[in-house]
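Inside the fold
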Amino acid sequence: MTQVTQETVAVSNLRDFYRHFDTTALRDALRRMYLIRRFEEGAEEAYTRGLIHGTMHLSIGQEASAVGSCMDLRKTDYITSTHRGHGHCIAKGADPKLMFAEFFGKEEGYCRGRGGSMHIADVESGNLGANGIVGGGLPIAVGAALAIRKQKRDDVAVCFFGDGASNEGAFHEALNMAAIWKLPVLFICENNKYGMSVSTERSMAVRNVADRAPAYNMPGEIVDGNRIEDVSEAVMRATARARNGDGPSLIETKTYRIRGHSKSDRNRYRTKEEIEEWKARDPIGHFEANLEAFGILRKDEAEAIRVAAEVEIAAAVEFAKGGTDPLPADLMRDVYTKGAA
Amino acid sequence: MTQVTQETVAVSNLRDFYRHFDTTALRDALRRMYLIRRFEEGAEEAYTRGLIHGTMHLSIGQEASAVGSCMDLRKTDYITSTHRGHGHCIAKGADPKLMFAEFFGKEEGYCRGRGGSMHIADVESGNLGANGIVGGGLPIAVGAALAIRKQKRDDVAVCFFGDGASNEGAFHEALNMAAIWKLPVLFICENNKYGMSVSTERSMAVRNVADRAPAYNMPGEIVDGNRIEDVSEAVMRATARARNGDGPSLIETKTYRIRGHSKSDRNRYRTKEEIEEWKARDPIGHFEANLEAFGILRKDEAEAIRVAAEVEIAAAVEFAKGGTDPLPADLMRDVYTKGAA
Amino acid sequence: MSARELSYAEAVREALAQAMEADERVFLMGEDIGVYGGAFQVTGDLVHRFGEDRVMDTPIAELGAAGVAVGAALAGSKPVFEFQFSDFATLAMEQIVNQAAKIRFMLGGKVSVPLVMRFPAGSGTGAAAQHSQSLDAWFAHVPGLKVVQPATPHDAKGLLLSAIDDPDPVMVFEHKLLYKMKGEVPEEAYRVPIGKALVRREGRHVTIVATAIMVHRALEAAEILSGEGIDVEVIDLRTLRPLDTQTIIESVKKTTRLACVYEGVKTLGIGAEISAMIAESEAFDYLDAPILRLGGAEAPIPYNPVLEKAAVPQTDGIIASVRRLVTGRI
Amino acid sequence: MSARELSYAEAVREALAQAMEADERVFLMGEDIGVYGGAFQVTGDLVHRFGEDRVMDTPIAELGAAGVAVGAALAGSKPVFEFQFSDFATLAMEQIVNQAAKIRFMLGGKVSVPLVMRFPAGSGTGAAAQHSQSLDAWFAHVPGLKVVQPATPHDAKGLLLSAIDDPDPVMVFEHKLLYKMKGEVPEEAYRVPIGKALVRREGRHVTIVATAIMVHRALEAAEILSGEGIDVEVIDLRTLRPLDTQTIIESVKKTTRLACVYEGVKTLGIGAEISAMIAESEAFDYLDAPILRLGGAEAPIPYNPVLEKAAVPQTDGIIASVRRLVTGRI
Ligand SMILES: Cc1ncc(C[n+]2csc(CCOP(=O)(O)OP(=O)(O)O)c2C)c(N)n1
Ligand SMILES: Cc1ncc(C[n+]2csc(CCOP(=O)(O)OP(=O)(O)O)c2C)c(N)n1
Ligand SMILES: [Mg+2]
Ligand SMILES: [Mg+2]
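Note that the structure is a prediction, hence the values are computed from the model and not measured. Positions within a chain are numbered from 1, following the residues in the order the chain's sequence is written. Each chain gets a letter, beginning with A, and each ligand a number, beginning with 1, in the order they are written. Given that this is a predicted model, residues contribute local features only at a pLDDT of at least 70 and side-chain atom pairs are listed and counted only at 80 or more, while totals for whole chains, interfaces and linings are drawn from all residues. Just so you know, side-chain values use all the structure's heavy atoms and leave hydrogens and water out.

**As for the packing of aromatic side chains**
Applicable threshold: Aromatic contacts are taken between Phe, Tyr and Trp rings whose centres are within 6.5 Å, Trp giving its six-membered ring; a plane angle under 30 degrees counts as stacked, one over 60 as edge-to-face, and the others as tilted. Secondary structure elements follow DSSP: runs of H or I of four or more residues count as helices, runs of E of two or more count as strands, with numbering from the N terminus. Classification of residues uses two cut-offs on accessible area relative to the type maximum, computed with a 1.4 Å probe and protein chains only: under 20% is buried, over 50% is exposed, and between them is partly exposed. Charge-over-ring placement is defined geometrically: NZ (Lys) or CZ (Arg) within 6 Å of the ring centre, and within 35 degrees of the ring normal.
Taken as a whole and judged by the stated rule, the model has 47 aromatic pairs over all chains. With a centroid separation of 6.0 Å and 85 degrees between ring planes, the pair formed by Phe171(B) and Tyr216(B) is classed as edge-to-face. With a gap of 45 residues between them, Phe171(B) in helix α7 (residues 169–180) and Tyr216(B) in the loop between α8 (200–203) and β6 (220–224) connect regions that are remote in the sequence. The residues Phe171(B) and Tyr216(B) share a single accessibility class, namely buried. Site record: aromatic cluster; members linked through ring pairs are Phe17(A), Tyr18(A), Phe21(A), Phe287(A) and Phe294(A). The side chain of Lys150(A) reaches across the aromatic face of Phe27(C), ending 4.1 Å from its centre. Here the guanidinium or amino end of Lys97(B) rests over the ring plane of Phe319(B), the centre of that ring lying 5.6 Å away.

Set out below in structure tokens:
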């Protein structure tokens, strides 16, 4: 089972995070983490049973990074996400029903079944979309931040990307432009040690992605991505900077994907020990233990949250199964806005 | 006229540069600087008189960077150059006759008149070519260095590029790969303060291009690009590192192009004062004064070198004018190696 | 009162200015479009009229800057992006083709991407192989994009204004040699519809469908051929995607002969599509001769000016080929 | 003794291994081609056989890595580059099109660029719009490149070996759905020539020119149509640039009808070129029906499996269209 460090502290010594958010918000964060976990386990199951088409990239083990990053965001703040984007999507407020409907290729899905796992977006809650192109979302987030500034809003754009993506030219160009134009954007690198099979040791000449921030005269902060409070506090600082007109930040959340890269992964590039070590640092277990230790949540309440997440996901799968299949006659729909072609 | 700082030092205190190279080599360096200067003045003249087609990018004022970088290179070392590449080409050993023939679009030209100013290459002397794409040569140089290593040679690849190019994604990707693979490549950024009309202040969030080197765990050295000895010594250090298997280096030569960006430049983005200030720091005048001060060259000898360069360039222009025009029937030649298409 | 004349570049500039005046969401991005005025002086003084926030110089970073434009469009702004030379779009195809063109579709119609990109294209300036390409056919191959290619100052303004109105990404190909061409341009902010070709000259014996600068060469050729009794209809395609198939089909049914003239490489250039479209259409039965294509040579654009001219269709070649098409066998 | 069978992926791998054994200048570059074995398990165990220096995992940096391959080729090595999905080539078009394709020409023939790039392409895996494109027509539009598209394990090996021999850049399009297909593959290092199409089935009534997976659907369709008395000739194009015009022209002169079947978007896909080539050739006079094109839909590839199938030609559609072409009017 998951081991966690018990933190016993006097309430007066509680970290900012636990004081900044009220109990409802903290419980909701835990709820979302469970939702993400169960969502992905459910998706995996459906995939294994042949109910889902294509491939998928699971973020199990990375839930603290997604939820911690989005906890303090507004609906009008944007995020851009990645191929490994289910967590970001739920964290930003998406409805798992409509996500599952998308996986099942249904009209009820977020993308009417046209996008699937790699393109899920929930524009109403500010999620501009997952992206099948590694690094594809980086300049898009900068552009969203530029639009925010042009529209004189005090929103921010949060850009999720991986360690592997930070080797793309798009990373360099995007961070440089965000920096010279001082745009309200947060670059959140979820460093899970691998870009597919290639470790950061083999793909970068520096130890941390954050070590690249000085090249853009940008703060680069490294946090434990499996500890929601570390992630959230760093993001809150960066968000405040951004809303205040002080420009972009890079935050690197050190985390790990417990599952393989995707369904084609034969796990030839990492050890069982490494995986086990990270399993022991489960972000949900850590957060739940803290909530209990700090008297914010009782064990049975946590249990209820977990069960509710399971029930919600099970219902979401059923909802999705019952969805409407798109008609081949509708193939050309939405290629253009006015149907012109 | 050009002002230069007179340096009077005891020979025993002479810098490495003046001791490393013998008199022949030092004179030859001065000769090449004059050749570049006169070559470009000649090209400009021919262009203004309508004898040359297209556009051109002059490096007048940047001669020390080109010659200083190439002085200690072997023929089997490679360089990749840029749109502003005449200087690199001559510095690496090209014959101005064949360069002018190229400008005049003749079969005798380095590219048989197919490439023009922006594509001049002199493969025999190791120049893999100018490049019309800003940043285009960066990964190519890394590839040449990879081939060097595969072939177990101890040569190096020297990649010239501008400050503007360092904002391209290709820069990031190329430096990262060179670093992780520890390839024998030198990245020489000729920072002339502008990428076309955009100053480095407006296009980068850091002050120096060399400030980006730590992002690749690479030494980043800044030198006065108008002082040949500074350039050459830095390059020799980096070349030694590279030949020794210790990997790539980034060298930033701070310099200035006295002319406009190209023939379309209306000079709306910089002041006359700035230009005058840099004219006063003429790299040729500086070098020549030092050679005289250190007793390596007499004034009349320098004068003879200058005159010889003028004569050589005048002859080159005549040679080029008398060259052979390609036949339209030969249009398809060299699209493919075997003429297949 | 004689109509007002503007150069093609001025017409583009006027469209940009009128769009920016009318809609504060519109802004410009590109390399050296500010104080430099653009490599071809298209944006000219706009930075002084609208300020640096609306006429933004980008770093030299085509992929990233194109992506910034996509993101800004997604988030409610209306960017008009200038590539300094269309050749540099090779660096940004990812954002144009994988993102801008597909986002609306991939997201099930939940968003649109109101983005305009301008591409100075074509040869004739002595800038050699990396600054002279005509890659419009690539873009016309991509569903989700619209592609226009105005041949006159009038259309340059009117099509650009339509492009800026359009909720979807529109790619505007401008031929560099046309920038200085003068023509009548009304002052008001009129639109030329996307998706409509224009018969620039009526004729009975043969149809030429031409694009960009080739429209003018085709018209010149038609004028000369008319002296020989060959009556040429010249269609200015204007939009490459979506194709105005009807106008071309009608014309070919009338003239029974078709020549496509374009600067892009002949193989898989836009003329391939026009030819194939006719060969599978009802007009096929009317054809009295093979369908002729005059496109760019199967070679990079050379630097030498004589070779450079030889690499793309010129008026003489059009005349000779069309004459053969009309008077030849069949 | 029955002939040896390999899968398409195994055939590619064998070609790579034989080329590396025969010539130490040959090496492989790509994302996750080492210990992972490639996203489609094409390189498989090669890293264990040849070591990390010859089977190089690159960072995720397509533009730069492609440029490294170009530079290595210029400097005397022979890189074989794998794009993980052909869609990611959109990031590297600059190096492929402005550099690799043009360097020899721009330098007046002083160098060549012996570079091979492999592109897993096509739809059918449920990977949606950014992982399912067929962009081969873009490359076939570019002088300086050669483009091949093997449809069988046999050709996958033989064409790849020819590509590696070739002194110029050769782009190899591999359809993902074919990787598991089995077929006869001789053990020796044989070559299939670049630039030669193959008549896979002879017929009298209609010619189908097909590429990649469509070759198999066309053969299936031909089989069924033969039951109806329609005798279909099926040509596997194999090379998109340079086109084997002669084989196609001869066939059309014989059958008098032509259908082009390809997965890329119909507009400006490879079928546009084949159609236009025939419409301007001597075969035009022999045509008894319009030239039919069955290409991909004018839409991005959708995720939903039913829509995904509807977006590209399937056997049923080929049968119905070819039947109409042969039995219809004219
Ligand atoms: C441009 C591009 N290159 C390659 C791929 C294939 N690919 C998908 S995810 C991935 C690894 C990405 O690594 P990282 O950015 O660290 O994200 P992670 O998968 O670890 O979350 C690769 C190589 C892609 N989708 N897009
Ligand atoms: C990819 C690309 N983008 C833009 C251009 C147009 N262009 C040519 S040179 C230049 C400025 C380059 O600046 P820098 O790298 O500093 O070199 P410099 O001209 O100062 O020597 C620009 C924008 C180009 N040739 N290629
Ligand atoms: Mg990763
Ligand atoms: Mg510069």
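Additional details are given in the paragraphs that follow.
**Overview of the site of ligand 2**
Short version of the rule: The nearness test applies per residue and asks whether one of its heavy atoms lies within 4 Å of the molecule or strand. Any pair of nitrogen or oxygen atoms within 3.5 Å is treated as a polar contact; in protein, a donor-acceptor pairing is required on top of that, and neighbouring residues in sequence qualify only through side-chain atoms on both sides. In these tables, accessible area is a Shrake-Rupley quantity obtained with a 1.4 Å probe, and a residue counts as shielded only by the protein chains included in the view. Each residue gets one label: Ala, Val, Leu, Ile, Met, Phe, Trp, Tyr, Cys and Pro are nonpolar, Asp, Glu, Lys and Arg are charged, and the others, such as Gly, are polar.
Taken together, the neighbourhood of ligand 2 is formed by 23 residues, with His83(B), Arg84(B), Gly132(B), Gly164(B) and Glu62(C) sitting nearest. Lying at an intersection of chains, ligand 2 is approached by residues of chains B and C. Between ligand 2 and His83(B) there is a distance of 2.7 Å, counted from an oxygen atom to a side-chain nitrogen or oxygen. For ligand 2, whose free accessible area comes to 570 Å², the fraction covered by protein is 97%. When the residues that make up the shell around ligand 2 are grouped by side-chain class, the tally is 8 nonpolar, 9 polar and 6 charged.

**Things to note about the interface of chain A and chain B**
Which entries qualify depends on this criterion: A contact between two residues is defined here by any heavy atoms of the two lying within 4.5 Å. The term buried area means the drop in 1.4 Å probe accessible area that two parts suffer when joined, counted for both and summed. By convention in these notes, a salt bridge is any Lys or Arg side-chain nitrogen within 4 Å of a carboxyl oxygen on Asp or Glu.
Each side of the interface is counted separately: chain A has 21 residues, and chain B has 21 residues. In total, about 1,500 Å² of surface goes out of reach between chain A and chain B, with carbon and sulfur atoms giving 52% of it. Ranking the residues of chain A by area buried against chain B places His172(A), Ala205(A) and Ala215(A) at the top, with a combined share of 34%. In this assembly, chain A and chain B are joined by 0 salt bridges. Scanning the region where chain A abuts chain B turns up 12 residue pairs in polar contact (both at pLDDT 80 or more). The set of elements that each furnish at least two residues to the side of chain A that touches chain B consists of α7 (169–180) and α8 (200–203) of chain A. For the side of chain A that touches chain B, the element with the most residues is α7(A), which contributes 7 residues. Here the side of chain A that touches chain B is built from residues that sort into 9 nonpolar, 7 polar and 5 charged.

**Remarks on the relation of the copies chain A and chain B**
Our working rule: The copies were overlaid with a least-squares fit restricted to C-alpha atoms from residues scoring a pLDDT of at least 70 in each copy.
Least-squares fitting of chain A to chain B yields an RMSD of 0.0 Å, with the superposition described by an axial translation of 0.0 Å and a rotation of 180 degrees. The operation mapping one copy onto its partner corresponds to a two-fold rotation axis. Within chain A, the C-alpha atom positioned nearest to the axis of rotation is that of Gly169(A), 1.7 Å from it.

**A short note on the sheet that holds strand β3 (residues 185–191) of chain B**
The strands making up a sheet associate through hydrogen bonds between their backbones, and the pairing can be parallel or antiparallel. Residue and element names in this part refer to chain B. To keep things clear, this is the line we draw: At least two DSSP bridges between two strands are needed for those strands to be called paired. For helices, the fitted line uses only the C-alpha atoms of the stretch in contact; every axis is such a line through C-alpha atoms, and the angle between N-to-C directions lies from 0 to 180 degrees.
Taken together, 5 strands build an open sheet; the order of strands is β1-β2-β3-β7-β6 and the sheet is parallel. This sheet does not close on itself; its edge strands, each paired only once, are β1 (78–80) and β6. Along the sheet, successive strands turn relative to each other by an average axial angle of 20 degrees, direction set aside. The sheet contact formed by β6 and strand β7 (residues 249–254) spans 5 bridges and is parallel.

**Quick notes on the coordination of the magnesium ion (ligand 3)**
Residues and elements named next belong to chain A. Applicable threshold: Only nitrogen, oxygen and sulfur atoms qualify as donors, provided they sit within 2.8 Å of the metal or within 3.2 Å for Na, K and Ca; with water excluded from the atoms, sites may seem incomplete.
At this site the magnesium ion (ligand 3) is bound by Asp163 (OD), Asn192 (OD1) and Tyr194 (O), with donor distances of 2.0 to 2.1 Å. We note that the donor set of the magnesium ion (ligand 3) lies within a single chain, spaced as D-x28-N-x1-Y. Of the two residues, aspartate 163 sits in the loop between β2 (157–162) and α7 while tyrosine 194 sits in strand β4 (residues 194–195), which places them 31 residues apart along the sequence. Given a relative accessible area of 8%, tyrosine 194 falls into the buried group.

**Remarks on the coordination of the magnesium ion (ligand 4)**
Of the protein atoms, only Asp163(B) (OD), Asn192(B) (OD1) and Tyr194(B) (O) coordinate the magnesium ion (ligand 4), at distances of 2.0 to 2.1 Å. The sequence motif formed by the donor residues of the magnesium ion (ligand 4) is D-x28-N-x1-Y.

**Re the site of ligand 1**
The immediate surroundings of ligand 1 are formed by 23 residues, with His83(A), Arg84(A), Gly132(A), Gly164(A) and Glu62(D) found nearest. Proximal residues around ligand 1 fall on chains A and D, making this an inter-chain site. At a separation of 2.8 Å, an oxygen atom of ligand 1 approaches a polar backbone atom of Gly164(A). Alone, ligand 1 offers 580 Å² of accessible surface; in the complex the protein occludes 97% of this. Looking at the shell around ligand 1 residue by residue, the classes come out as 8 nonpolar, 9 polar and 6 charged.

**Focus: the domain arrangement of chain C**
All names here are of chain C. Using the following cut-off: Where each domain starts and ends comes from a domain assignment, either automatic or drawn from a database.
What the domain assignment reports for chain C is domain 1 (3–186) and domain 2 (198–327). Taking only C-alpha atoms into account, the centre of domain 1 sits 26 Å from that of domain 2. Contact with domain 1, which involves 31 residues of that partner, is made by 24 residues of domain 2. Summed over the shared surface of domain 1 and domain 2, the number is 2 salt bridges. A salt bridge links arginine 238 to aspartate 155, with the nearest nitrogen and oxygen atoms 3.2 Å apart. Linking domain 1 with domain 2 are 14 residue pairs in polar contact (both at pLDDT 80 or more). Elements supplying a minimum of two residues to the side of domain 1 that touches domain 2: α6 (136–140), β6 (146–148) and α7 (153–165). It is α6 that provides the largest number of residues to the side of domain 1 that touches domain 2, a total of 4 residues. Of the residues in the side of domain 1 that touches domain 2, the class split is 17 nonpolar, 11 polar and 3 charged.

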